[in-house]
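Structural overview for review
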Amino acid sequence: VSQSRYIKNLIAQKVVSAGMTRRCLFITCKPSEASVPFPTVTTAQQKARANCMGHAHNLKEVCGEFQWTSEAKREYETWYHSNTARRNKETNPILQQFLRTKPELVIKLAMLFQLANYDISLVLNVDAVTNAIREVTAVEMGGPALFEGTGRNPLSAASPDRTPSIFRGRATTFPFYASKTG
């Protein structure tokens, strides 16, 4: 089955939407082993929320076009060419489609990283681009397992060899957080 026919089939079955898959980063995690029947919000969490809300309020005033530093542009361009070469060699249609849209995800995430700084700037720096590449690549590691059981065939997951690896416990490298250094 060709990649485009495969994706069109999933869309026709309303398993996924093309818009959703281009706008979402799917992040999975291992559940916590701690048992907390009544979680409480700590003082540090309250302060962090207040800081986030204050920063979000400041972001409401920001508008304009993002620019690139020359270092960020070089980093992205080098990565872009390697991603394209990798995509052209990829045989998994799901991963190939992800690699096709990965540059857009990297740019979107780099913009978010840039805006997350308290010194708000519409200039993408090399740290924002490098961090975005790293985080999107980490999410990519769990991508094939995410959609391997999609479809409407009720018998598709009935046999052990058809059970998605995420449920068999083989998917162990999923990222479960987005980190910001500094």
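Residues numbered from 1 in each chain as written. Predicted model: local features only at pLDDT ≥ 70, side-chain atom pairs only at ≥ 80, totals over all residues. Heavy atoms only, no water.

1. Quick notes on the overall build of the protein
Our working definition: Only DSSP runs of H or I reaching four residues or more are called helices, and only runs of E reaching two or more are called strands; each is numbered from the N terminus. For this analysis, residues touch if any pair of their heavy atoms sits within 4.5 Å. In short, Shrake-Rupley with a 1.4 Å probe defines the accessible areas, and a residue's cover is counted only from the protein chains shown.
Scanning the protein from terminus to terminus reveals eight helices and two strands. Listed by position from the N terminus, the elements making up the protein come as α-α-α-β-α-α-β-α-α-α. A sequence separation of at least 24 residues applies to 69% of the contacts in the protein between residues at least 6 apart. Element-wise, carbon and sulfur atoms account for 57% of the exposed surface of the protein, whose accessible area totals about 12,700 Å².

2. So, the pattern of salt bridges
This is how it is decided: Throughout this description, the term salt bridge denotes a Lys or Arg side-chain nitrogen within 4 Å of a carboxyl oxygen of Asp or Glu. Burial classes follow relative accessibility: with a 1.4 Å probe on protein chains only, a residue under 20% of its type's maximum area counts as buried, one over 50% as exposed, and anything between as partly exposed.
A full pass over the atoms with the stated rule returns one salt bridge. One salt bridge in this structure joins Arg 134 and Glu 135, with 3.0 Å as the shortest N-O distance. Residue class for Arg 134 comes out partly exposed when judged on its relative accessible area of 37%. With a relative accessible area of 9%, Glu 135 lands in the buried category.

3. Things to note about the confidence of the model for the protein
Where we set the bar: pLDDT is defined as a per-residue confidence score from the predictor, taking values between 0 and 100.
When pLDDT is averaged across the protein, the result is 76; 62% of the residues are at 70 or more. A low-confidence stretch, residues 155–160 stays under pLDDT 50, and its non-local contacts, those more than four residues away or across chains, total four contacts. Here residues 166–182 is modelled with pLDDT under 50, and outside its nearest four sequence neighbours on either side it reaches 31 contacts, counting other chains as well.

4. Some points on the packing of aromatic side chains
Test applied: Side-chain rings of Phe, Tyr and Trp, where Trp is taken by its six-membered ring, are said to pair if the distance between their centres is within 6.5 Å; with planes under 30 degrees apart they count as stacked, over 60 as edge-to-face, and otherwise as tilted.
Within this structure, the stated rule accounts for three aromatic pairs. Ring geometry for Trp 68 against Tyr 76: centres 5.2 Å apart, planes inclined by 50°, an arrangement best described as tilted. The exposure class of Trp 68 is partly exposed, given its relative accessible area of 29%. Residue Tyr 76 is classed as buried on the basis of its relative accessible area, which comes to 12%. Measuring from centroid to centroid gives 5.8 Å for Tyr 76 and Tyr 80, while their planes differ by 40°, and the two rings are tilted. With Tyr 76 and Tyr 80 both in helix 4 (residues 70–89), this residue pair falls four residues apart, about one helical turn. Each member of the aromatic cluster is reached from another via a ring pair, and the members are Trp 68, Tyr 76, Trp 79 and Tyr 80.

5. Brief notes about the nonpolar core
Selection criterion: The definition of a nonpolar core used throughout is a set of buried Ala, Val, Leu, Ile, Met, Phe, Trp, Tyr and Cys residues joined through side-chain atoms within 4.5 Å.
The biggest cluster of nonpolar side chains holds 20 residues, and the ones touching the most others in it are Val 106, Ala 110, Val 129, Ala 132 and Val 136. Where this core is concerned, the elements lending two or more residues are helix 4, helix 5 (93–116) and helix 6 (126–140). The element that contributes the greatest number of residues to this core is helix 5, accounting for nine residues. Dropping the residues within four chain positions of it, Ala 110 is found in contact with Leu 124, Ala 128, Val 129 and Ala 132.

6. Quick word on the packing of helix 4 against helix 6
Each pair of packed helices can be described by the angle between their axes along with the distance between the axes. As a reminder of what qualifies: Between the N-to-C directions of two axes lies an angle of 0 to 180 degrees, each axis being a line fitted to C-alpha atoms and, for a helix, fitted only over the stretch in contact. Oblique is the label for any angle not covered by the other classes, which are roughly parallel (under 35 degrees), roughly antiparallel (over 145) and roughly perpendicular (65 to 115). Gly is put with the polar residues, along with every residue not named as nonpolar or charged; the nonpolar set is Ala, Val, Leu, Ile, Met, Phe, Trp, Tyr, Cys and Pro, and the charged set is Asp, Glu, Lys and Arg.
The interhelical angle for the contact between helix 4 and helix 6, taken along N-to-C directions, is 25°, at an axis separation of 8 Å. Taken together, the axes of helix 4 and helix 6 lie roughly parallel to each other. Residue-level contacts link Glu 71, Ala 72, Glu 75, Tyr 76, Trp 79 and Arg 86 of helix 4 to Val 126, Val 129, Thr 130, Ile 133 and Glu 140 of helix 6. Looking at side-chain class alone, the contact of helix 4 with helix 6 contains six nonpolar, one polar and four charged residues.

7. Details of the packing of helix 4 against helix 5
Closest axis-to-axis distance for the helix 4/helix 5 pair is 9 Å, and the angle between their directions is 170°. The angle between helix 4 and helix 5 places the two elements in the roughly antiparallel class. Counting all contacts with helix 4, which are made through Tyr 76, Trp 79, Tyr 80, Asn 83, Arg 86 and Arg 87, the residues of helix 5 involved are Leu 95, Gln 96, Leu 99, Arg 100, Lys 102, Pro 103, Val 106 and Ile 107. The class makeup of the residues in the contact of helix 4 with helix 5 is eight nonpolar, two polar and four charged.

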